[in-house]
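Each chain is listed here by its residues.
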Amino acid sequence: MDHTTSESEVAALVDYVKRHPQHRGRLVELLPERHPLYRGRSSNAVVRLRGYVMAAFEQVGLPATVRRYVLDELQNGRHAYLVAAAAMAIRGLEEPTADVVPFLLSAIQNMKYSDDKVTFDTFPATWPAPSTTTALAEIIESLAWIGDHAQSARPALEALAADPYALSAETRMMLESLLAALHEPHACCHEPHRVSAADIQAPVHRVGEAIPSGIQMQDQDGRALLSQEFFGVVPTVVTFFYTRCDNPNKCSLTVTKLAEVQRRLRQDGVSTHVCTAAISYDSEYDLPLRLRAYGQNRGVQFSDEHRFLRVVCGFARLSEFFELGVNYGPGLVNRHRIELFVLDHRGRIAKAFTRLQWDIDDVLAHVRR
Amino acid sequence: MDVSEYRRQSQAEVAEADNRSDQSLDDAVRVLRDIKASRAKREAAARTVGLNIDQDPSKIDDLLDILADPNVPANQRTNILYLLRQISFRSAPFQAKRPEYLATLRGIVDDPDRTLRRRAVGTLAREKDEYVQRRLIDGLEGRDKALVPASKAIQLLGYDVHAEILPLMHRLVEDPPNKVARKEAIRLLAADPAAVDSLVEIVRDKREDPDVRRTAAIALQSIAPDVQLAELRRTALDAAEPAELRAMALTTLTQFDDQRTGSEMASRVQELGDESSSRQVKQATRAFVSKYSA
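Below is a summary of the structure that appears in this document.

Analysis parameters
Residues numbered from 1 in each chain as written. Chains lettered and ligands numbered in written order. Predicted model: local features only at pLDDT ≥ 70, side-chain atom pairs only at ≥ 80, totals over all residues. Heavy atoms only, no water. Axes fitted to C-alpha atoms, helices over the stretch in contact; angles between N-to-C directions. Helix = DSSP H or I, 4+ residues; strand = E, 2+ residues; numbered from the N terminus. Parallel < 35°, antiparallel > 145°, perpendicular 65-115°, else oblique. Left-handed = near helix turned anticlockwise from the far one by under 90°. Contact = heavy atoms within 4.5 Å. Nonpolar A, V, L, I, M, F, W, Y, C, P; charged D, E, K, R; others polar. Buried area = accessible area lost by both parts, 1.4 Å probe. Salt bridge = Lys/Arg side-chain N within 4 Å of Asp/Glu carboxyl O. Polar contact = N/O pair within 3.5 Å; in protein donor to acceptor, adjacent residues only side chain to side chain. 1 Å grid on protein atoms, 1.4 Å probe; cavity = no way out; pocket = protein on both sides within 12 Å on 5 of 7 lines; lining within 4 Å. Points joined across faces, edges and corners; volume = space filled by probe spheres on them. Phe/Tyr/Trp six-rings, centres within 6.5 Å; stacked < 30°, edge-to-face > 60°. Buried < 20%, exposed > 50% of the residue type's maximum accessible area, 1.4 Å probe, protein only. Lys NZ or Arg CZ within 6 Å of the ring centre and 35° of its normal. Pairing = 2+ DSSP bridges. Expected span 1.5 Å × (residues − 1).

**With respect to the packing of helix H3 (residues 43-60) of chain A against helix H5 (residues 80-90) of chain A**
All names here are of chain A.
Moving on, step 1. It is at 7 Å that the axes of H3 and H5 come closest, and there the two elements cross at 20°. By the criterion of interaxial angle, the relationship of H3 to H5 is roughly parallel. Between H3 and H5 lies a crossing of left-handed hand. Between H3, through Val47, Arg48, Arg50, Gly51, Tyr52, Met54, Ala55, Phe57 and Glu58, and H5, the contact on the second element is made entirely by Tyr81, Leu82, Ala85, Ala86, Met88 and Ala89.
Moving on, step 2. Here the contact of H3 with H5 is built from residues that sort into eleven nonpolar, one polar and three charged.

Okay, structure coming up:
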């Protein structure tokens, strides 16, 4: 499957796998953002395809390798169709588990004022739709499926129930039933293990290799530089973003957190011994003025060691090196994951934090190492 | 009845209806559903509902029912849509109804009434709704009937840069259904760094309508500000260019050009301004020279 495959062919494959779950591996293959299926498609098309694929895991079972995609969507997704699909996929787990509960609660926070009706009965959706659901309804249904393993969610769910404006009448009834069924957490109940970006490091195939040299870049002040002039001198924290990203949980938050990393480095007196860089996925549009404004508006302080970069020539090599989880539509990024890398003083990847929100302390700990 | 008499009568009816402060939310919703109720009564009822909906948010469901009901006259349903849009801004309980509201709007995008359909489509487009974007694109591509005129569809798709309509916009610039649609398509190319050459070509083409050339020049600002400034300098110094374009170029350069380049151009700009008979050009020249000759 690639960019020439029609959406209806993909939907037919999903429907086939639903009837023949032993072939679910064919759906798993479609989840990485880099998959050629998504190249050249609009963001909406990517949402439609990924949502329809992801929802199918409720029926065909959710393999361990797919969990990280589902958790990512629950933690960071803002599109009701995809979040509903991810919540449905949770019910494809072999058995209920408490460690997905924090992600379902994040999804409630993300969706509670931007929920929408969605339908998975037809592909693509047509309206009026015969049967519909919502992201919040699917999240609550998944918490109900998790049952007593979701006891730790009770305080958050009670707070949600106390919010008179967050839920439709139907979803409120579902929540009340869930709360009635959930037992009070026992003193012996522990908070579930918090899965973090550090726990699900994607396989890094470029271990031992330094970042490619000769990549032409330009920084937020319009200064030209080559990759080897900035990377591989001292340890460097590198993240990726683009200024037209419309998901506040992704690029905007990443850059805001990067500003905090910089602040902590200054506080520790090591801001000239560690570099930070944010590289745009959207180099042609993200001109120096945009890079500077985007960083400054989020608290970034620029210097020779701390820069925002656009790649003038050689982005494909850079993308290959970092195995970036990004794809492009006809004019701009159509989908990307969160990704941050710690490079050592030789420009080699020492640690990758991908997909889930990275923790500032975790990143700083790896930098210190 | 003449217009002033009608207005007087209408205002009196509205005042009388407003004076009925005992009108309950239930009564007001009943009036909104009543196809025989006078316009004044409906207006008063709409105000009552708008002001008091938070007392009983379940009444939003009634409004959505009326909006979706094809048996209610289209103008009444359109007014209900306006009312719901107001409520969506100012009523906190509306959040819980948002999914139903959007689904109801999607259900009426094919309504035979042009005004109602356009308002529903416009509301969804501002929400960056996937379904309505898909329908608008299908209409522009000729795969489905058009929900709104082509120029309107392009404007509405422009609310969302991620609607990814750039290849379609390039095609519409080359082969437009009409002039207005072409201009709207050029405007949206401001999101496409790959459109620089096409936009420059339009800016330079003296056979093009000056308004279209101006739109292309403005679009360049977003994706290639240096190229835009170069084109504007060329336009400003070309006495054969239409006066409105030269004036626009000078005004933009007055705001955005660098001091050195502006100073280098100032004397030539002054000469051309003196020769021009256009008031717009003379005015823009004064501002330019005043800034860069200082």
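**Brief notes about the interface of chain B and chain A**
Moving on, step 1. If you look at the interface, chain B gives 29 residues, while chain A gives 32 residues.
Moving on, step 2. Summed over both sides, the interface between chain B and chain A buries roughly 2600 Å², with carbon and sulfur atoms accounting for 55% of that surface.
Moving on, step 3. Its salt-bridge partner being arginine 48 of chain A, residue glutamate 130 of chain B comes within 2.4 Å of it at the nearest N-O pair.
Moving on, step 4. In this assembly, chain B and chain A are joined by 13 residue pairs in polar contact (both at pLDDT 80 or more).
Moving on, step 5. Residue assignment for the side of chain B that touches chain A shows that the elements contributing at least two residues are helix H6 (94-107), helix H8 (130-141), helix H10 (166-174) and helix H13 (210-223) of chain B.
Moving on, step 6. It is H6 of chain B that provides the largest number of residues to the side of chain B that touches chain A, a total of nine residues.
Moving on, step 7. Tallied by class, the residues present in the side of chain B that touches chain A amount to 17 nonpolar, five polar and seven charged.

**Concerning empty space enclosed by the protein**
The method is simple in principle: a probe with the dimensions of a water molecule rolls over the atoms, and the space it marks as empty is what remains.
Residue and element names in this part refer to chain B.
Moving on, step 1. Within the structure shown, the criterion is met by one cavity of 30 Å³ or more.
Moving on, step 2. Here the largest cavity is characterised by a volume of approximately 40 Å³.
Moving on, step 3. Taken together, Val203, Arg213, Arg214, Ala217, Leu232, Thr235, Leu245 and Met248 make up the full set of residues lining the largest cavity.
Moving on, step 4. Listed by contribution, the elements that provide at least two residues to the lining of the largest cavity are H13, helix H14 (225-236) and helix H15 (243-256).

**Things to note about the packing of aromatic side chains**
Any aromatic ring pair is given by two values, namely how distant the centres are and how the planes are angled relative to each other.
Residues and elements named next belong to chain A.
Moving on, step 1. What the rule picks out here adds up to 14 aromatic pairs over all chains.
Moving on, step 2. Here phenylalanine 240 and phenylalanine 341 contribute two aromatic rings whose centre-to-centre distance is 6.2 Å and whose plane-to-plane angle is 85°, an arrangement assigned as edge-to-face. Separated by 101 residues along the polypeptide, phenylalanine 240 in strand S5 (residues 236-241) and phenylalanine 341 in strand S10 (residues 339-343) bring together distant segments of the chain.
Moving on, step 3. A relative accessible area of 2% means that phenylalanine 240 is categorised as buried.
Moving on, step 4. Note on phenylalanine 322 and phenylalanine 341: the rings are 4.6 Å apart at their centroids and 40° apart in plane angle, and the pair reads as tilted. In this pair, phenylalanine 322 is assigned in helix H13 (residues 315-322) and phenylalanine 341 in strand S10, connecting sequence segments 19 residues apart. The burial state of phenylalanine 322 is the same as that of phenylalanine 341; both residues are buried.
Moving on, step 5. Through a chain of ring-to-ring contacts, the aromatic side chains of Phe240, Tyr242, Tyr281, Phe321, Phe322 and Phe341 assemble into a single cluster.
Moving on, step 6. Here the guanidinium or amino end of arginine 244 rests over the ring plane of tyrosine 285, the centre of that ring lying 3.6 Å away.
Moving on, step 7. Here arginine 298 stacks its cationic end above the ring of tyrosine 294, 3.6 Å away from the centre of that ring.

**Points about the sheet that holds strand S4 (residues 224-226) of chain A**
Residue and element names in this part refer to chain A.
Moving on, step 1. Read from one edge of the open sheet, seven strands run S4-S3-S7-S6-S5-S10-S11, paired in mixed fashion. Each having just a single partner strand, S4 and strand S11 (349-354) make up the two edges of the open sheet. If you compare each strand with its neighbour and ignore which way they point, the axes differ by 30° on average.
Moving on, step 2. As defined by bridge partners, strand S6 (residues 275-280) adjoins strand S7 (residues 306-313) across four bridges and the pair is classed as parallel.

**Topic: unusual backbone geometry**
Residue and element names in this part refer to chain A.
Moving on, step 1. Looking along the chain, the bond that leaves phenylalanine 123 and enters proline 124 is cis, with omega of -10°.
Moving on, step 2. Take proline 124: it is sitting in the loop between strand S1 (117-118) and strand S2 (133-134).
Moving on, step 3. Between tryptophan 127 and the following residue, proline 128, the backbone shows a cis peptide bond with an omega angle of 0°.
Moving on, step 4. Of note, proline 128 is situated in the loop between S1 and S2.

**A few points about the layout of surface pockets**
Residues and elements named next belong to chain A.
Moving on, step 1. Here the largest pocket is characterised by a volume of approximately 1000 Å³.
Moving on, step 2. Lining the largest pocket we find 39 residues, and of these Val47, Arg78, His79, Ala80 and Asp246 sit closest to its centre.
Moving on, step 3. Looking at the lining of the largest pocket residue by residue, the class counts come to 13 nonpolar, ten polar and 16 charged.

**Digging into the pattern of salt bridges**
Residues and elements named next belong to chain A.
Moving on, step 1. According to the stated counting rule, one finds 55 salt bridges over all chains in the structure shown.
Moving on, step 2. Salt-bridge contacts for aspartate 221 lead to arginine 223; the nearest nitrogen and oxygen are separated by 3.8 Å.
Moving on, step 3. For aspartate 221, a relative accessible area of 40% corresponds to the partly exposed category.
Moving on, step 4. On the accessibility criterion, arginine 223 (33% relative accessible area) is partly exposed.

**Some words on the side chain of threonine 285 of chain B**
Moving on, step 1. Relative to the assigned elements, threonine 285 of chain B resides in helix H17 (residues 279-292).
Moving on, step 2. At 2.6 Å, the side chain of threonine 285 of chain B and the backbone oxygen of valine 281 of chain B are in polar contact.

**A look at helix H7 (residues 114-126) of chain B**
Residues and elements named next belong to chain B.
Moving on, step 1. An ideal rise of 1.5 Å per residue puts 18 Å on 13 residues; H7 measures up with 18 Å between its terminal C-alpha atoms.
Moving on, step 2. Its side-chain oxygen placed 3.2 Å from the backbone nitrogen of threonine 115, aspartate 113 serves as the N-cap of H7.
Moving on, step 3. Two residues or fewer after H7 comes lysine 128, characterised by a positive phi angle close to 55°.

**Considering the environment of asparagine 52 of chain B**
All names here are of chain B.
Moving on, step 1. The topology assignment puts asparagine 52 in helix H3 (residues 39-52).
Moving on, step 2. Residue classification places asparagine 52 among the partly exposed positions, given a relative accessible area of 25%.
Moving on, step 3. Residues asparagine 52 and leucine 25 lie 27 residues apart in sequence; the distance between their C-alpha atoms is 7.0 Å.

**Structural notes on helix H6 (residues 101-111) of chain A**
All names here are of chain A.
Moving on, step 1. The buried fraction of H6 amounts to nine of the eleven residues, a majority that puts the element mostly inside the structure.
Moving on, step 2. For H6, the complete set of buried residues consists of Val101, Pro102, Phe103, Leu104, Leu105, Ala107, Ile108, Asn110 and Met111.
Moving on, step 3. Those residues of H6 that are buried lie in contact with helix H4 (67-76), H5, helix H7 (135-146), helix H8 (154-162) and helix H11 (248-267).

Honestly, that's just the spatial picture; any functional story needs more than this.
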